[in-house]
Amino acid sequence: MQFPKRLQLANLPTPITKLERFPLHGSGAQIWVKRDELTGTEVSGNKIRKLEFSLAEALEQGCNTIITCGGLQSNHCRTTAILCSRLGLKVHLILRGGKPEQPDGNLLLDLLAGAQITYVLEQDWATHEDLARKLQADYAASGNKAFFIPIGASDEIGLWGYIAACEELKEDFEQLDITPDYIVTATGSGGTQGGLLVGSKLFDLPGKVIAFNVCDDAAYFEKKIHEDVTLWQRRYKIDVDFQKKDINTIEGYVGPGYGLASKEVFSTIAELARTDGLFLDPVYTGKAFHGMVTEILKGKEGCMPDAGNVLFIHTGGLFGVFPQQQYFSFA
Ligand SMILES: *Cc1c(COP(=O)(O)O)cnc(C)c1O
């Protein structure tokens, strides 16, 4: 498989850990965790896999500035900001929400890494891509060339991140001698899910790719992923038998809203930390892991019938725990 230009930024390959004690009440399932929260320390999580390709493209185009966008606690923006600092690029983040008095979690790291930040209020967010284009023009006027990366680096370039991860998974499965029935991820901007879907076809991986959405709904991800994959096929001229029906997004676990989690999610985070020493986050991985366990325990009635070996992709997000510390309860 010929990949496009790629920077080596992530600590790869990431290990796979077998869960030993997290209770699954005799369901017969065995959960394995692909530790993509270990792709780096400050740059941990799934976004760095995509950014290896997006930032390579930016450099190829001769850009010296990166513009990207996301929530105030965006893991993607934090990863981009730090990688730009490492690569000697200017970075401008467009963040959704008002400027907080005391920056915390990911936002604190964005500021430490020297990111320029424009805060856009919720009600004006629909115009954030126009603002990005305006900033691009402003940078050009001052002799800089700015590259725009969309939310989550989920586009036809970022898609490569998890396509390449599938090559790694193929090796993992051989080494561990496991045949997963399911490959599970959280989905937020669709690039991880889309990359896994395409990559698992290209590398002939076992296991049905299923995703738990943390915002929007299944119809949104069907449309978004179909668009990204279509653009990817057009740009790179690679043939893959990919259809909308391959996109399995399991709804029902968003909870109170994007970035807001139910108390069950917080107790699942605490439980996994206690039983196996792995840390999930309340925005993405906590919801997906909680959804996965709930569906496994439903047995034949759930969305994951006959779950034997299940691979959960730990997409990171640890810094998102700290701004929500008040929602954990301890006896
Ligand atoms: C962004 C993110 C996701 C979702 O990945 P997408 O490719 O945007 O769908 C999952 N987990 C964490 C921790 C993330 O930061």
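Everything here concerns the structure above.
Computed from a predicted model, the values in this text were never measured in an experiment.

Draft legend 1. Fine view of the site of the ligand. Lining the immediate environment of the ligand, one finds 15 residues, of which Lys47, Lys50, Ser189, Thr192 and Thr315 sit closest. At 3.0 Å, a side-chain N or O of asparagine 46 approaches an oxygen atom of the ligand. Within the backbone of glycine 191, an N or O atom sits 3.4 Å from an oxygen atom of the ligand. When isolated, the ligand has an accessible area of 370 Å², and the protein chains bury 98% of it. The site holding the ligand turns out to be the largest pocket. Every element with two or more residues in the shell around the ligand is listed here: α1 (47–60) and α6 (191–202). Tallied by class, residues from the shell around the ligand come to 1 nonpolar, 12 polar and 2 charged.

Draft legend 2. Structural context of helix α5 (residues 160–176). Here α5 spans 24 Å end to end across 17 residues, near enough to the 24 Å set by a 1.5 Å rise per residue. Taken as a whole, α5 has its buried residues at Trp160, Gly161, Tyr162, Ile163, Ala164, Ala165, Cys166, Glu168, Leu169, Asp172 and Phe173. Aspartate 177, located one to two residues past α5, shows a positive phi value of around 55°.

Draft legend 3. Structural detail: the pattern of salt bridges. Taken as a whole and assessed by the stated rule, the structure comprises 19 salt bridges. Between lysine 245 and aspartate 246 there is a salt bridge, and its shortest N-O distance comes to 3.8 Å. For aspartate 246, a relative accessible area of 15% gives the class buried. Taking the shortest distance from any N to any O, the salt bridge between lysine 300 and aspartate 306 comes out at 2.6 Å. Residue lysine 300 is classed as exposed on the basis of its relative accessible area, which comes to 62%. Among the charged side chains, a salt-bridge network with shared partners connects Lys34, Asp36, Arg49, Glu168 and Asp172.

Draft legend 4. Structural context of the state of the cysteines. The final tally for this structure, using the stated rule, is 0 disulfides. The closest cysteine sulfur to the non-disulfide-bonded cysteine 69 is located on cysteine 77, 6.5 Å from its own sulfur.

Draft legend 5. Here's a closer look at the packing of α5 against α6. α6 packs onto α5 with a crossing angle of 50° between their chain directions and a minimal axis gap of 7 Å. Put simply, α5 runs oblique to α6. The handedness of the crossing between α5 and α6 comes out as right-handed. Packed against α5, whose contacting residues are Tyr162, Ile163, Cys166 and Leu169, the element α6 presents Gly191, Thr192, Gly195, Leu196, Val198, Gly199, Ser200 and Leu202 at the interface. Counted by class, the contact of α5 with α6 contains 7 nonpolar, 5 polar and no charged residues.

Draft legend 6. Representation of unusual backbone geometry. The step from leucine 12 to proline 13 runs through a cis peptide bond, and the omega angle for that step is -5°. Counting through the fold element by element, proline 13 comes out in the segment before β1 (16–18). With phi around 45°, histidine 25 is a residue other than glycine that occupies positive phi space. Within the secondary structure, histidine 25 sits in the loop between β1 and β2 (30–34). Of the residues examined, histidine 25 reaches a relative accessible area of 64% and is grouped as exposed. Although it is not a glycine, lysine 237 sits at a positive phi angle of roughly 55°. As for its position among the elements, lysine 237 is in the loop between α7 (218–236) and β9 (248–250).

Cut-offs used in this document
- Residues numbered from 1 in each chain as written.
- Predicted model: local features only at pLDDT ≥ 70, side-chain atom pairs only at ≥ 80, totals over all residues.
- Heavy atoms only, no water.
- Near = heavy atom within 4 Å.
- Polar contact = N/O pair within 3.5 Å; in protein donor to acceptor, adjacent residues only side chain to side chain.
- Areas by Shrake-Rupley, 256 points an atom, 1.4 Å probe, with all protein chains shown as cover.
- 1 Å grid on protein atoms, 1.4 Å probe; cavity = no way out; pocket = protein on both sides within 12 Å on 5 of 7 lines; lining within 4 Å.
- Sits in = over half its atoms within 2 Å of the grid points.
- Helix = DSSP H or I, 4+ residues; strand = E, 2+ residues; numbered from the N terminus.
- Nonpolar A, V, L, I, M, F, W, Y, C, P; charged D, E, K, R; others polar.
- Expected span 1.5 Å × (residues − 1).
- Buried < 20%, exposed > 50% of the residue type's maximum accessible area, 1.4 Å probe, protein only.
- Salt bridge = Lys/Arg side-chain N within 4 Å of Asp/Glu carboxyl O.
- Disulfide = S-S within 2.5 Å.
- Axes fitted to C-alpha atoms, helices over the stretch in contact; angles between N-to-C directions.
- Parallel < 35°, antiparallel > 145°, perpendicular 65-115°, else oblique.
- Left-handed = near helix turned anticlockwise from the far one by under 90°.
- Contact = heavy atoms within 4.5 Å.

Any functional reading would require information that these geometric values do not contain.
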